[in-house]
Amino acid sequence: MSRVKTSKNFPKTALRLLGFFVALFSAGIGIGGGTIFVSTFISIFKFDFKQAAATSLATIIPITFVGAVSHLFIFPNPPSGKYFLVFIPMCVIGTIIGSKYIHKWNNQWLKWIFAVFLLIASLRILKFVDFPFLMFSNLNEISWAHEALFIMAFGIIIGIIATWLGIGCGLLIVPFFVIVMNFNMHQAICLSLTTMFFLSQSATLMHHKLANLNFKVFKALFLPSLAGAVTGSAISGLLPGFYLKQVFGIILMMIAFTYLLQPTLKAIKTHKEKRDALYKEI
């Protein structure tokens with residue numbers, strides 16, 4: 001199996017700025033920044049999808065570590081430990097399952113499903129539309145046994161998606177625990193960042209075994225990401241949960257539309273290229 005080539009000279013200043021600002025933003029609202037990293041690695045640095053996913057997951061590790069520690073020990077009223085003990089191991093198991101089938105799945109379909117979920121979640125968080133048939137907000141009022149089974153199933157799905165798309169899945173974890181489990185925003189961010197720390201390590205290890213990780217880019221991103229995560233966590237502590245929720249909802253909607261528009265824009269570009277090629281032949 002061939003190793004990822006690292007001889008290309010990537011602009012270190014651009015990488016450092018990318019790492020800092022993505023980490024600042026991500027640690028502040030409880031996401032790992034994978035969606036931004038993956039799209040940037042592919043569009044600007046011309047990575048293939050699997051290499052972009054692996055490098056993104058590795059970079060998420062320091063971001064989520066700083067964010068998780070900050071929210072666990074600085075903010076009051078963190079989530080009950082039982083949620084960490086049930087949810088995190090299932091996410092790790094999901095990454096193992098996902099790595100076994102990563103070559104057999106059409107990522108474009110997964111992106112589309114992912115985008116639809118983000119759009120629904122954003123509308124629900126911003127309270128533009130209510131989806132009572134899709135979002136059951138009182139799940140935490142049922143027995144713990146049933147609640148735990150539901151959380152475990154969701155955790156496995158999260159782990160699989162993280163491995164396939166190269167994201168920490170905070171965009172899914174935070175809405176789930178805010179909308180379905182009725183957590184407040186700071187509790188959801190705390191659980192999301194802690195989960196992503198372990199999840200990203202597991203998924204990165206799986207990608208490393210598949211020789212997808214670009215160490216050169218990861219090393220350039222590591223320290224700026226740490227600095228950005230510290231700054232983002234401090235800013236998050238100054239913002240009330242209501243404003244964090246609104247910002248998060250808007251970001252979800254923007255990312256959802258980006259994922260939904262990508263196939264359309266790609267189809268238009270392909271059609272234009274075919275048309276230009278046909279005119280040249282004529």
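Report follows, based on the coordinates. (Residues numbered from 1 in each chain as written. Predicted model: local features only at pLDDT ≥ 70, side-chain atom pairs only at ≥ 80, totals over all residues. Heavy atoms only, no water.)

### Observations concerning the overall build of the chain
Within the chain, the regular secondary structure consists of 10 helices and zero strands. Relative to its full complement of 282 residues, the chain shows a buried share of 51%. Taking all contacts inside the chain whose residues are at least 6 apart in sequence as the whole, residues at least 24 apart take part in 83%. Accessible surface, the chain: about 13,900 Å² in total, of which carbon and sulfur atoms supply 69%. (Helix = DSSP H or I, 4+ residues; strand = E, 2+ residues; numbered from the N terminus. Buried < 20%, exposed > 50% of the residue type's maximum accessible area, 1.4 Å probe, protein only. Contact = heavy atoms within 4.5 Å. Areas by Shrake-Rupley, 256 points an atom, 1.4 Å probe, with all protein chains shown as cover.)

### Quick notes on the nonpolar core
Formed by 61 residues in total, the largest nonpolar core has its most connected members in Phe41, Phe87, Ile158, Cys169, Phe177 and Met181. For this core, the element with the highest residue contribution is helix α7 (residues 170-180), accounting for nine residues. What Cys169 contacts, discounting residues up to four positions off in sequence, is Ile158, Ile161, Ala162 and Met196. (Core = buried A, V, L, I, M, F, W, Y, C linked by side-chain atoms within 4.5 Å.)

### So, unusual backbone geometry
Among all residues except glycine, the phi angle is most often negative; among peptide bonds, the trans geometry is most common. In this model, Asn182 sits at a positive phi of 65°, which is unusual for a non-glycine residue. Considering the arrangement of structural elements, one finds Asn182 in the loop between α7 and α8 (185-209).

### Regarding α8
The end-to-end C-alpha distance of α8 is 36 Å, a good match for the 36 Å that 25 residues give at a rise of 1.5 Å each. Of all 25 residues in α8, 19 are buried; the element is thus mostly enclosed. The N-capping residue of α8, defined by a side-chain oxygen 2.8 Å from the backbone nitrogen of Gln187, is Asn184. Looking one or two residues beyond α8, the residue adopting positive phi is Ala211, at roughly 60°. (Expected span 1.5 Å × (residues − 1). Polar contact = N/O pair within 3.5 Å; in protein donor to acceptor, adjacent residues only side chain to side chain.)

### Regarding helix α1 (residues 12-29)
Compared with an ideal rise of 1.5 Å per residue, which puts 18 residues at 26 Å, α1 spans 26 Å between its outermost C-alpha atoms and is within 8% of the ideal. Taken together, the buried positions of α1 are occupied by Leu15, Leu18, Gly19, Val22, Ala23, Ser26, Ala27, Gly28 and Ile29.

### Some words on the packing of aromatic side chains
Two measures describe an aromatic ring pair: the distance that separates the ring centres and the angle between the ring planes. Here the structure, examined in full by the defined rule, presents 13 aromatic pairs. Where Phe37 meets Phe41, the ring centres are 5.8 Å apart and the plane angle is 15°; that geometry is what we call stacked. Of the two residues, Phe37 and Phe41 are both situated in helix α2 (residues 34-43); the distance of four residues between them amounts to about one turn of the helix. Phe41 matches Phe37 in its accessibility class, with the two residues each being buried. With a centroid separation of 5.2 Å and 70° between ring planes, the pair formed by Phe197 and Phe198 is classed as edge-to-face. Residue classification places Phe197 among the buried positions, given a relative accessible area of 18%. For Phe198, a relative accessible area of 39% corresponds to the partly exposed category. Ring-pair connections join several aromatic residues into one group, and the members of that group are Tyr83, Phe87, Phe150, Phe154, Phe176, Phe177 and Phe183. (Phe/Tyr/Trp six-rings, centres within 6.5 Å; stacked < 30°, edge-to-face > 60°.)

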